[in-house]
Amino acid sequence: MKTTEILVVGGGPAGLSAAIEAASLGCDVVLMDSDLKLGGQLIKQTHKFFGSREEFAGTRGFEIGNLLFDEVEKYKKEGKLEIFSNTTVTGYYKEDGIVSYTIGEETYDLIKPQRIVMATGAQEKRIAFPNNDLPGVYGAGAVQTLMNVYGVAPGEKVLMIGAGNIGLIVSYQLMQAGVKVAGIVEAMPRIGGYWVHAAKIRRLGVPIYLQHTITEALGDKVIEGAVIQEIDNTFKLVGEPMKIDCDTICMAIGLTPTCELLWSAGCEMKFVPQLCGYVARRDAMMRTSHPDIWVAGDAAGIEEASAAMVEGRIAGLAAAASLKPEGCQMLKEKSTDYLKRLENLRAGETGAKIRCGLEQVCCECWG
Amino acid sequence: MTRKMIKDHPILNFEHEKKKVVKFTFDGREMEGFEGEPIAAALHSNGVQVYRITPKHERTRGFFCAIGKCSSCFMIVDGVPNVRTCVTALEAGMKVETQTGMGILKPEK
Ligand SMILES: Cc1cc2nc3c(=O)[nH]c(=O)nc-3n(C[C@H](O)[C@H](O)[C@H](O)COP(=O)(O)OP(=O)(O)OC[C@H]3O[C@@H](n4cnc5c(N)ncnc54)[C@H](O)[C@@H]3O)c2cc1C
């Protein structure tokens, strides 16, 4: 059976950062990602990032991805890092620490790592309405994949559900790709995303329907329209249903951490609304209650790529240092800086929700 | 039929002209796509949105999550059912079919 010192599950910004750090301490690292291309959600982002300069604020998401790929290339050449793309990790067996995976659809195999960093990212949430399963109802991440990675228009006229940052950014990206946006529907009385993103959309004349929800998707085999309606403060339907002409409905109502493997490993899990779902309890170095498993990025709670990269660096470094005593000094030095950077990213009003969420799952250190 | 691709983009340059065009079939109809792109993306740009029919309620299903998680885009590819077409690369000559129902697994060779 294949073995490795460190297995990183997920090749988004968190996983790539973890793999880079672990390899830099001299560990043999295997990284597996289910997608055809590495980079997770990051490579789909065409807008300039917010955050701090250390975390590439002002740089476009996919360009940040390229910087990470350069570092990855270096360790690949040195033979320290082996990458499996289109490889899905399907199970963790806690009896013997063996991990199962499939390459593509038909090759099944096993690997036994000494340490694991889980950086599986997130999955889109859904809401219930009639016909929400028809082709043409797509997740925001999926719409981005089609248009920003593969250059395929998701449709001709899109209705966006959700006016948080993702809904606003993807609406703008759709227009950049030459796709019409019929409107943005938001259940809350105010826009959830940053004002700069909302302003760009408004200037382009796209209506934002606040305190509205989608009540039905129209169509027989594929989407041919949608019905939206106003709601009051208790989310009860009021007013008249309104028909929207569209061929695509994009769901941008939020993400939830992908945590199945953490459950199978028996990690202590907790439901934390501020982090958008079930997350693993962890210490400051991102180690879970399972002594061989670390977690990082959206899988540890929905946040941003900038935080995901720093968490990944911490987790990769800590997992490696647990195998290489000579790495402990390095961990001490670097982690002080990384923790400071996380603190900066989570400072102020915008970070309040995350801070409140983290208080519920972070412990000083596992005894 | 020509594919519906995004060409002019203020930020991205897809360099579609540099990609290798390959032929494949969808339910017997010949189509073109780029080698290595997800089968689902190739179909979508050819105007195909229905990828399977569910076993019980016979509902149409297509693309949804694009990260190989939701099982909405399962199809039969070269005779293999339940292929996640959003994370499976297109190859020349592939035989892609709408999957109706559960899909039947062939015994191991
Ligand atoms: C529209 C949009 C705009 C955004 N804007 C910003 C912004 O301005 N600034 C910012 O900082 N962040 C932004 N983000 C958020 C950012 O993209 C994510 O927070 C970040 O990508 C999370 O990184 P990650 O590595 O944890 O997860 P992901 O990027 O989701 O990567 C997870 C990876 O794990 C893989 N994977 C999952 N399960 C398995 C498995 N079982 N086996 C193998 N591989 C698996 C997936 O294929 C994926 O590649 C935005 C996100 C979106 C959708």
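Given the structure is predicted, the values throughout are model-derived calculations rather than measurements.

Trainee: Would you explain the overall build of chain A in this entry?
Mentor: If you tally the helices and strands in chain A, you get 9 helices and 21 strands. In summary, chain A has a C-alpha radius of gyration of 21 Å against a globular reference of 21 Å for 367 residues, a match within 12%. Considered along the principal axes of its C-alpha atoms, chain A spans approximately 65 × 45 × 35 Å. Within chain A, buried positions represent 57% of all 367 residues. Partitioning the contacts of chain A with sequence separation of at least 6, the portion at a separation of at least 24 is 61%. Of the roughly 15200 Å² of accessible surface on chain A, 53% is carried by carbon and sulfur atoms. Of the charged side chains in chain A, 37 are positive and 45 negative; the average position of the first set lies 4 Å away from that of the second.

Trainee: Sorry if this is basic, but what is going on with helix α9 (residues 352–359) of chain A here?
Mentor: Quick reminder: α-helices carry 3.6 residues per turn. Residues three or four places apart thus point the same way. Residues and elements named next belong to chain A. Taken as a whole, α9 has its buried residues at Ile-354, Gly-357 and Leu-358. Looking straight down α9, one finds its buried side chains confined to an arc of 95°; they lie on one side. Looking at the packing, one finds that the buried side of α9 touches β17 (269–272), β19 (282–283) and β21 (362–363).

Trainee: Looking at this structure, how should I read the sheet that holds strand β7 (residues 95–97) of chain B?
Mentor: In sheet architecture, strand pairing relies on hydrogen bonds along the backbone and comes in two forms, parallel and antiparallel. Residue and element names in this part refer to chain B. Spatial ordering of the open sheet is given by β2-β1-β7-β5-β6, a layout of 5 strands whose pairing is mixed. Among the strands making up the open sheet, the edge pair consists of β2 (29–34) and β6 (80–84). This sheet shows a mean twist of 40° between the axes of neighbouring strands, independent of strand direction.

Trainee: Please clarify how the pattern of salt bridges should be interpreted in this entry.
Mentor: Residues and elements named next belong to chain A. All chains considered together, the criterion is met by 23 salt bridges over all chains. A salt bridge links Glu-268 to Arg-281, with the shortest nitrogen-to-oxygen separation between them at 2.7 Å. One end of the pair, Glu-268, is in the loop between α6 (260–264) and β17; the other, Arg-281, is in the loop between β18 (277–280) and β19, with 13 residues separating them in the sequence. Asp-337 serves as the salt-bridge partner of Arg-341, at 3.3 Å between the closest nitrogen and oxygen. Of the two residues, Arg-341 and Asp-337 both sit in helix α8 (residues 328–345), 4 residues apart, roughly one turn of that helix. Relative accessible area serves as the criterion here: at 15%, Arg-341 is assigned to the buried category.

Trainee: I would appreciate a short explanation of the domain arrangement of chain A in the present structure.
Mentor: When the parts of a complex come together, some accessible area is lost, and that lost area is often used as the size of the interface. All names here are of chain A. When its domains are assigned, chain A resolves into domain 1 (2–123 + 255–361) and domain 2 (126–251). Between domain 1 and domain 2, the C-alpha centre-to-centre distance is 31 Å. Interface area, domain 1 with domain 2, both sides summed: about 1000 Å², of which 57% is carbon and sulfur. Broken down residue by residue, the surface that domain 1 buries against domain 2 is led by Lys-44, His-47 and Phe-50, which jointly contribute 47%. Linking domain 1 with domain 2 are 0 salt bridges. There are 4 residue pairs in polar contact (both at pLDDT 80 or more) connecting domain 1 and domain 2. In terms of residue class, the side of domain 1 that touches domain 2 is built from 4 nonpolar, 5 polar and 2 charged.

Conventions we followed
Along every chain, residues carry numbers that run from 1 in the direction the sequence is written. The naming scheme follows written order: chains are lettered A onward, ligands numbered 1 onward. Note on the predicted model: pLDDT of at least 70 is required for a residue's local features to be given, and 80 or more for side-chain atom pairs to be given and counted; whole-chain, interface and lining totals, by contrast, use all residues. The basis for every side-chain value is the complete set of non-hydrogen atoms in the structure, without hydrogens or water. We count a stretch as a helix when DSSP gives it H or I for four or more residues in a row; a strand needs E for two or more, and each element gets its number in order from the N terminus. Just to be clear, the radius of gyration here is over C-alpha atoms, and the globule rule we use is 2.2 Å times residues to the power 0.38. Accessibility here uses a 1.4 Å probe with only protein chains present; expressed as a share of the type maximum, an area under 20% marks a residue as buried, one over 50% as exposed, and anything in between as partly exposed. Whether two residues are in contact is decided by their heavy atoms, any of which lying within 4.5 Å being enough. Each accessible area is a Shrake-Rupley result for a 1.4 Å probe, and residues are judged covered by the shown protein chains and nothing else. Charge convention: Lys and Arg are scored as positive, Asp and Glu as negative, and His as well as the terminal groups of each chain are ignored. Note that the charge is assigned to NZ on lysines, CZ on arginines, CG on aspartates and CD on glutamates. Arc definition: directions from the helix axis to the C-beta atoms. Paired strands, in this sense, are two strands between which DSSP finds at least two bridges. Fitting a line to C-alpha atoms yields each axis, with helices limited to the stretch in contact; the angle taken between N-to-C directions then spans 0 to 180 degrees. For salt bridges, the criterion is a side-chain nitrogen of Lys or Arg within 4 Å of an Asp or Glu carboxyl oxygen. Domain start and stop positions are those given by an automatic or database domain assignment. As a working definition, buried area equals the accessible area (1.4 Å probe) given up by two parts on being put together, with both sides summed. Throughout this description, a polar contact denotes any pair of N or O atoms lying within 3.5 Å of each other; where both atoms belong to protein, one of them has to be capable of donating a hydrogen while the other can accept it, and for residues adjacent in sequence the pair is counted only when both atoms sit in side chains. Each residue gets one label: Ala, Val, Leu, Ile, Met, Phe, Trp, Tyr, Cys and Pro are nonpolar, Asp, Glu, Lys and Arg are charged, and the others, such as Gly, are polar.

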